[in-house]
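Now for the letters of each chain:
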Amino acid sequence: MEISDKLLCLFSADVTIEDDKYVVEVPRREIETGSVEPGETYRVALIADDSESSSAESSSKSESSGTSTSSEPQPPVEEGEIRYVEVEDIGKQGDGIARVERGYVIIVPDAEIGERVKVEITEVKSNFAVGEIIEEEF
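Being a predicted model, the structure only gives us computed values, none of them experimental.

About the criteria used
Residues numbered from 1 in each chain as written. Predicted model: local features only at pLDDT ≥ 70, side-chain atom pairs only at ≥ 80, totals over all residues. Heavy atoms only, no water. Helix = DSSP H or I, 4+ residues; strand = E, 2+ residues; numbered from the N terminus. Buried < 20%, exposed > 50% of the residue type's maximum accessible area, 1.4 Å probe, protein only. Contact = heavy atoms within 4.5 Å. Areas by Shrake-Rupley, 256 points an atom, 1.4 Å probe, with all protein chains shown as cover. Pairing = 2+ DSSP bridges. Salt bridge = Lys/Arg side-chain N within 4 Å of Asp/Glu carboxyl O.

Enquirer: Could you give me a rundown of the overall build of the protein, with the residues and numbers involved?
Expert: The helix and strand tally for the protein stands at 2 helices and 8 strands. The N-to-C order of helical and strand elements in the protein reads β-β-α-α-β-β-β-β-β-β. Evaluated residue by residue, the protein yields a buried proportion of 22% over its 138 residues. Counted over contacts in the protein with a minimum sequence separation of 6, partners at least 24 positions apart contribute 38%. About 10,300 Å² of surface is accessible on the protein, with carbon and sulfur atoms providing 46% of the total.

As structure tokens, then:
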């Protein structure tokens, strides 16, 4: 599956019926992180949530990245990647927490809530990454 460079966010949602229209709800975190703005118009792509397309997508990704095939989604960041993030929360050990695509967590040591920082990804795990601040308040 070809994914556009213009992709702003990616999330799962149910289609519901409300009066005479169908509704796809955008998660609050996508608005809060600035991925999308209320009142703006966006193109929406719908992808079926079936095991056949999921396994084909995973297989395609693993072949191109050299990792083993897995039904789990791959992290949306890579080691060495530079990201601009906003710290939304503080973790139990005092580190900043930022979220990117699909709610994926980036831990940012020595960051405060509300800080917008440029980070270099130094470690990537399946459910979180660690980013080192390389520029504060962009």
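From this point, things continue past the structure.
Enquirer: I'd like a rundown of the pairing of strand β3 (residues 82-86), residues and numbers included.
Expert: Side chains Arg83 and Val85 of β3 all project onto a buried face; the interleaved residues Ile82, Tyr84 and Glu86 project onto a face where none is buried. Taken together, the 5 bridges between β3 and strand β7 (residues 116-124) define a ladder with antiparallel strand orientation. When the bridges of β7 are listed, Tyr84 appears paired with Lys118.

Enquirer: Give a detailed account of the sheet that holds β3, specifying residues and quantitative values.
Expert: Across the sheet, 6 strands lie side by side as β3-β7-β8-β6-β5-β4; this open sheet has mixed pairing. Here the strands that pair on one side only, and so sit at the sheet edges, are β3 and β4 (89-90). Both strand β5 (residues 96-99) and strand β6 (residues 105-108) contribute to a ladder of 4 bridges, which runs antiparallel. Looking at β6, one finds that Arg99 is bridged to Val105.

Enquirer: How would you summarise unusual backbone geometry if you had to cite specific residues and measurements?
Expert: Backbone geometry at Arg102 places phi at a positive 60°, although glycine is not the residue there. Within the fold, Arg102 resides in the loop between β5 and β6.

Enquirer: So what's going on with the pattern of salt bridges? Which residues, and what values?
Expert: Pairing is possible between side chains of opposite charge, provided their charged atoms come close. Inspection of the entire model under this criterion finds 5 salt bridges. Between Arg83 and Glu81 there is a salt bridge whose closest N-O contact spans 2.7 Å. A residue is classified by how much of its surface remains accessible, and Arg83, at 14% relative accessible area, is buried. For Glu81, a relative accessible area of 24% puts it in the partly exposed group. Look at the salt bridges and you will find they share partners, linking Glu81, Arg83 and Glu101 into a network.

Enquirer: Describe in detail the pairing of β5, supporting the description with residues and values.
Expert: Here 2 bridges tie β4 to β5, and the two strands are oriented antiparallel to one another. By the bridge assignment, Ile90 is partnered in β5 with Gly96. Linking β4 to β5, which pair antiparallel, is a turn of 5 residues; within it Gly94 sits at a positive phi near 90°. Taking the residues that link successive antiparallel strands as the turn, the β5-β6 hairpin has 5 residues, and the phi of Arg102 there is positive, at about 60°.

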